[in-house]
Structure formats: C-alpha cells, structure tokens
Amino acid sequence: MSAAGAEQGVASMSGRHSGSARRFGSAAIWSVLALVAVVVVVGGWFGVQAVRASGADSCDSVDTVSLAVDTSIAEPVEQILAQATEFDRGCVNFEVRPERPADTATEIAGTENRPDLWIPDSTLWLLKTLRSTGALPELAKASVANTLPVLVSKSDAAPVTDTWLSVLQLPGQRIGDPLTSSASNAAILGALAESEVAISDAKAVSAALVPMAQDFGRIADTPHDTPDLVAQVAAEGGTSVATEQALLAYEADNPGSGLSESVPPTGSYFLNYPLAVTAPAGPEYDRVKQAGAALGSVLATASAAETLVAAGFRTSSGTPLPDGRGVGSVASLEIKNPLSIETTLRDWAVLALPLRTLVVEDVSGSMAAKSGDSTRIALTVDASVGANSLFSDQTQMGLWAFSIGLGGGKQDHRELVPMGKADGTFNGKSQRDAILDSIRGLPALVGGGTGLYDTTLAAFRRVKEGYDPDYVNSVIILTDGANEDEGSISLDELLASLQKEQDPVRPIVIITVGVTSDADPVALQQISAATGGTSYVAEDPRDIPDVFVKALNSRTERLAGE
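Residues numbered from 1 in each chain as written. Predicted model: local features only at pLDDT ≥ 70, side-chain atom pairs only at ≥ 80, totals over all residues. Heavy atoms only, no water.

A look at the sheet that holds strand 7 (residues 259–262)
Strands belonging to one sheet form pairs held by backbone hydrogen bonds; the direction of such a pair is parallel or antiparallel.
Point 1. Here three strands make up an open sheet; going across it, the order is 6-5-7 and the pairing antiparallel. Sheet topology places strand 6 (239–243) and strand 7 at the edges, where each strand pairs with a single neighbour. Strand-to-strand twist in this sheet, taken as the mean axis angle between neighbours without regard to direction, amounts to 35°.
Point 2. Taken together, the five bridges between strand 5 (residues 149–154) and strand 6 define a ladder with antiparallel strand orientation. Across the sheet, the residue bridging to V150 is A242, located in strand 6. (Pairing = 2+ DSSP bridges. Helix = DSSP H or I, 4+ residues; strand = E, 2+ residues; numbered from the N terminus. Axes fitted to C-alpha atoms, helices over the stretch in contact; angles between N-to-C directions.)

Re the pairing of strand 5
Point 1. Burial within strand 5 is extensive, with five of its six residues counted as buried.
Point 2. The pairing of strand 5 with strand 7 spans four bridges and is antiparallel. Bridging from a neighbouring strand, L151 pairs with S262 of strand 7. (Buried < 20%, exposed > 50% of the residue type's maximum accessible area, 1.4 Å probe, protein only.)

Topic: the packing of helix 17 (residues 452–465) against helix 19 (residues 521–529)
Point 1. One way to put it is that helix 17 packs onto helix 19 with a least axis distance of 13 Å and a crossing angle of 15°. As judged from the angle between their axes, helix 17 and helix 19 are roughly parallel. The two elements helix 17 and helix 19 cross, and the hand of that crossing is right-handed. Contacts between helix 17 and helix 19 pair L452, Y453 and T456 from the former with A523, L524 and I527 from the latter. (Parallel < 35°, antiparallel > 145°, perpendicular 65-115°, else oblique. Left-handed = near helix turned anticlockwise from the far one by under 90°. Contact = heavy atoms within 4.5 Å.)

With respect to the confidence of the model for the protein chain
Point 1. Mean pLDDT over the protein chain: 84, with 84% of residues reaching 70 or higher.
Point 2. Of the regions scoring below 50 in pLDDT, residues 2–55 engages in 105 contacts with residues more than four places distant in sequence or in other chains. (pLDDT = per-residue confidence, 0-100.)

Section: helix 17
Point 1. With 14 residues, helix 17 should reach 20 Å at 1.5 Å per residue; the first-to-last C-alpha distance of 20 Å fits that figure.
Point 2. Along helix 17, the residues classified as buried are L452, Y453, T455, T456, L457, A459, F460 and V463. (Expected span 1.5 Å × (residues − 1).)

Details of unusual backbone geometry
Point 1. Even without a glycine there, the phi angle at D323 is positive, about 60°.
Point 2. Residue position: D323 is located in the loop between helix 13 (302–310) and helix 14 (339–351).
Point 3. We classify D323 as exposed; its relative accessible area is 76%.
Point 4. With a phi angle near 55°, N427 is a residue other than glycine that sits in the positive phi range.
Point 5. With respect to the element layout, N427 can be found in the loop between strand 14 (425–426) and strand 15 (429–430).

Quick look at the environment of S329
Point 1. Looking at where S329 falls in the secondary structure, it is placed in the loop between helix 13 and helix 14.
Point 2. Here the alpha-carbon distance between S329 and T319, two residues ten residues apart in the chain, equals 7.4 Å.

With respect to the sheet that holds strand 3 (residues 117–119)
Point 1. On the basis of which strands lie adjacent, the open sheet formed by five strands has the order 2-1-3-8-4 and mixed pairing. In the strand order of this sheet, the two ends are held by strand 2 (92–99) and strand 4 (138–141), each with one partner. Direction aside, neighbouring strands of the sheet carry axes that sit 30° apart on average.
Point 2. Two elements, strand 1 (residues 63–70) and strand 3, share three bridges in a ladder whose sense is parallel.

Things to note about the packing of helix 4 (residues 71–83) against helix 13
Angle between the axes and distance between the axes are the two parameters that describe a pair of packed helices.
Point 1. Running from N to C, helix 4 and helix 13 point in directions that differ by 150°, and their axes come no closer than 9 Å. The orientation of helix 4 relative to helix 13 falls into the category roughly antiparallel. For the crossing formed where helix 4 meets helix 13, the hand is right-handed. Between helix 4 and helix 13, the residues in contact are I73, P76, Q79, I80 and Q83 and A304, T307 and L308, respectively.
Point 2. The class makeup of the residues in the contact of helix 4 with helix 13 is five nonpolar, three polar and no charged. (Nonpolar A, V, L, I, M, F, W, Y, C, P; charged D, E, K, R; others polar.)

As for the layout of surface pockets
Point 1. Put simply, the largest pocket is a space of about 720 Å³.
Point 2. Contributing to the lining of the largest pocket are 35 residues, with T71, S72, P227, Q245 and A246 lying nearest its centre.
Point 3. For the lining of the largest pocket, the elements supplying multiple residues, two or more each, are helix 4, helix 8 (182–196), helix 10 (226–236), helix 11 (244–253) and helix 13.
Point 4. The element that contributes the greatest number of residues to the lining of the largest pocket is helix 11, accounting for eight residues.
Point 5. By residue class, the composition of the lining of the largest pocket is 15 nonpolar, twelve polar and eight charged. (1 Å grid on protein atoms, 1.4 Å probe; cavity = no way out; pocket = protein on both sides within 12 Å on 5 of 7 lines; lining within 4 Å. Points joined across faces, edges and corners; volume = space filled by probe spheres on them.)

Comments concerning the environment of D201
Point 1. Following the sequence through the fold, D201 ends up in the loop between helix 8 and helix 9 (202–219).
Point 2. Counting along the chain gives ten residues from D201 to A191, while the straight-line C-alpha distance between them is 8.8 Å.
Point 3. With residues near it in sequence (within four places) discarded, D201 still touches L165 and S195.

Description of the side chain of T512
Point 1. Within the secondary structure, T512 is located in strand 17 (residues 509–515).
Point 2. Accessibility expressed as a relative area gives 1% for T512, which makes it buried.
Point 3. Engagement of the side chain of T512 in a polar contact is seen with the side chain of S528, the distance being 2.8 Å.
Point 4. Of note is the side chain of T512, whose polar atom sits 2.8 Å from the side chain of S535. (Polar contact = N/O pair within 3.5 Å; in protein donor to acceptor, adjacent residues only side chain to side chain.)

Description of the state of the cysteines
Point 1. Under the definition given, this model contains one disulfide.
Point 2. Disulfide partner of C59: C91, at an S-S distance of 2.1 Å. Between C59 and C91, the S-S dihedral sits near -85°, and the bridge is therefore left-handed. In this pair, C59 sits in the loop between helix 3 (42–53) and strand 1 while C91 sits in the loop between helix 4 and strand 2, placing the two residues 32 residues apart along the sequence. (Disulfide = S-S within 2.5 Å.)

Things to note about helix 13
Point 1. Turning to helix 13, its buried residues are A304, T307, L308 and V309.
Point 2. On its buried side, helix 13 packs onto helix 4 and helix 12 (285–299).
Point 3. Looking one or two residues beyond helix 13, the residue adopting positive phi is G312, at roughly 100°.

Encoded structure:
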C-alpha cells in the first residue's frame, strides 16, 4: 500500500470518536483500508460553502481552534494562514503548535493538551493513534503536501545505490529513529516494498536493520532528527536518509554546502502530510470538523501551493518541483502487505535495545574435525571474529569456552573475558579487542568431551546474576556435539532448572547454534525453547555470521509471542 492508499483507507475508516468505538485487529483494519474509498469531511465543506453562498464577506465573530503541525511544515502553514482572510479561514483563528508527531500522538492518547486538528508528516501516524483511541481520526484533507525520503551525501562522494536495501546497507548509514522519524521509516518501507516484488530479499532487509538498530544506541542521546542528519553529512561526510524538503531547506540556509541527493531507481515511499480532525467526541466536534474543512480549502489554494513549493515541498499530487530542484520524477513505491509497517516498527523497537550477552563457545575435541580444507574450530573462529562487528559499542558481552573439565575439576567452562561493555577495558585492552584475541586463541584450547548441560545452566545463572533491565539479557551457545559429560545433570534436569529459575519479569534468553549437523538439534531446540529463545543449525561454520543475525532478530520473535 502506498502513502496515498493509506490516506484513502484512513479517510474511509474514520469517524467521530466515541467511547463505544469498535477496536479492530490490525489485519482487519488493513483489509478494510485496502478496499474502501476516500471520504473527506463533506459536512464541514458544505457548511463553509453555505456561508460563502449567503453573500457574507466578513465575520461577526472569530472562533479559535488548536492545530498541531509537524515541525517540518509548520512555518509555511503559518505563512499561508497569515495571508488568508478571516472569512477564507471560515471565521476561525488557528492556533498553530509546531510539534513532533510522536509528541502529538502521545497527546491524542491522553486527555491533556489534545489538539483539535493535526497535520503530521504521514498517514502512518494516524494509524498509530488507533491503538490508543480505538478509532481512526477523520480526514479533513487527505494530503496537504508531499515529500519523499532521499539519500544525502557530499556531491563528490555520492554512492551508487540501486535499491533502498543497498541504501540501508551502506557502512555508517545515518537513518535516525523510525519510531519517531517518518523519513527513516519510509526508507525501510521502501526496502520492504522492493522485497515484495522480488527486487530484494526481505531477509536481507531484516539483516540490514540489525547493526543499524544496535548502533542507534550510540546516537540516541544526540540530535538525530532529519535536519540534524543533513547537517552531520555536511560537516562530517558520509551519508544519511533525509527528505527532499529537509535537504532543500538546509541548502537554502547554507548555500554552497556541496550536498547531493538521490533516490534509487526503484522509487520511493512518499510522505503525504494529511489534515486530520483529532478533537474528542462531544458538542464541539462538529465545530472543529467545519474548521478543518475551511483549513483544507485554504491549503488547497494556488497561493498556498506556491508557499509550500517555495519551502521545498511538493504539492499533494506529488508533482516534481520546478526549476530542477530536488530529485525530479520518482515512482511511488507501494506496500502490498501493510502489516509490515507495524512489524517493522515493533522489530526496530526490540532490536534497538542494547544487547547484554554471554557468548559460550565449544572447544571439545570434535571441533578439530576437518571441514573442507580447514577445521570446524578454525572456521568458527573466523566466523565469530566477523560476527563480532555486529555488536555495537553499547553491547555488554563476555566470552566463555567449554569442554569437559576445562575450568578445573568438575567445572566444564572457563571464563575467558568477563561480562563488560564493548567499549570498556579488560586487562589493558578494550573489551572488544580482549574478546577478539580470546576468540583467536580458542584453537589452543581444543580437546576433551562436550560438557554442554552444566555449562548451559552456569551461563544462564551468570547472566541472571547481573541482569540489567535496560538490556536484552541473553546467552549464545555454539556447539558441534551432544552432551558427553556423564557426571553432569541430565537434559530433563537442565530444562526443569531453566523453567524454574526463569523470571518472566527479568527474562534470560538462550540462543543455541549447532555447528554442523553433528550437533544435537533436538536438545538444543528444547534448551532454547525453555527460555523463549530460538535454535539454529549452521550446516557449515561459514554460516555462523548469518546465524548471529538471526539470533539478534530472534528477540523480535519473542516479543511477538508476548
């Protein structure tokens, strides 16, 4: 579904808010949204026309209506209103409140400071209010203006990108937070739309989000709105996802900035700036509804279009900007599975949580077995070193190795690097370098049998001891065999202990990775399932980096089941 399609659906499903408003499931809502037609606030429109037909050209009194407007378009909207007469405005004074959409959505969900009307940057925000209010806002105008996400870079270092997936995969890509930025979200939705027509792979889109979401923790406390990202590219180079309008606005204030913008040839998911009636149900609703219709008429005038275009916005039709400004003609990408919008945001919310994980690697004698022209342990080391780059500096991680008796006496595990933040230090090295050095030293530890069950329970308990509620707390176990420690607890005892000691309020997730088909897939799956985790088998140790991506993504599967 394109942004325009979403507009139509929201308009047709919208209606006056009431306490008895039916609460629809996501699938049902989107099914209806995809089928029904636009219904604009016709009652208010006819009311305005009736006033004009009466011959009146002045107002006996002026009403006041609050209007929340996305910060990116607030200034031109204020200019348009200032140029319109009181009569043109329907005898209404609109109190414009420039706000981030996330803040307005929170206000609508509550009871304080709720605006009468709202112009967010995308219909996607109206859909978010459904969960909190039980009803979709009524549309006074399906689209006030348009813009689209673009890739911003220095003109002399513009990368070539064929798809939105390749945009997301650019090293060091700045994308902001799709939970609060429609431009960021639209870039991801563009990649998902491509995957629906086999231009790219949905799994690759998911994989691209993992390091980006994890790295977002690094900038979460610094300015990362769309204009901020454009300014960062101008100052530091690299690339960012922004909007056509944001770049043009930056260039207007900073001529000669040397920036360029581009869009993949596949097209883009447009942002449509709808005008919605968000006043609560009650005796004042019709008054606000009529004011919304009057405002929609003002914003549809030729002079309003000139003001919006001068500010870098496209008109509601999406027509390219004149005089060679912007990226020119761009196809509108459509989402066939609109539920991917909600799924993508949910997944990002989970993936963006920093990870606290203990990686536990098997060094039993079977890891010395040949695998192609190498050995299992050598390939596992190479893969683990590569996978290490998936973890951001916000990650807390530690490393254990295990085989029977490796830790001395009856202890099968040996702690190589204790849990710590990736950008911290251990033994005079950074935590990350200490872990990488220890991974490279694993071949020297190979020998003995597989002490899987005791090690698993010990690792679970260690992570639980230092549980951090601000992180996803987990254990990742890599092994190529079944438990061989005759003196250890049984599988049933291990599973019973995990289930008994798991605290649903402070959960520890165990991810198991079977290295080659010699691993015990049934036991590994049961171990992971006991904690709400997932299990994977890497038939070839070279598949381990992909498995690490799946392991990180598995957090979203857990959330989906809650």
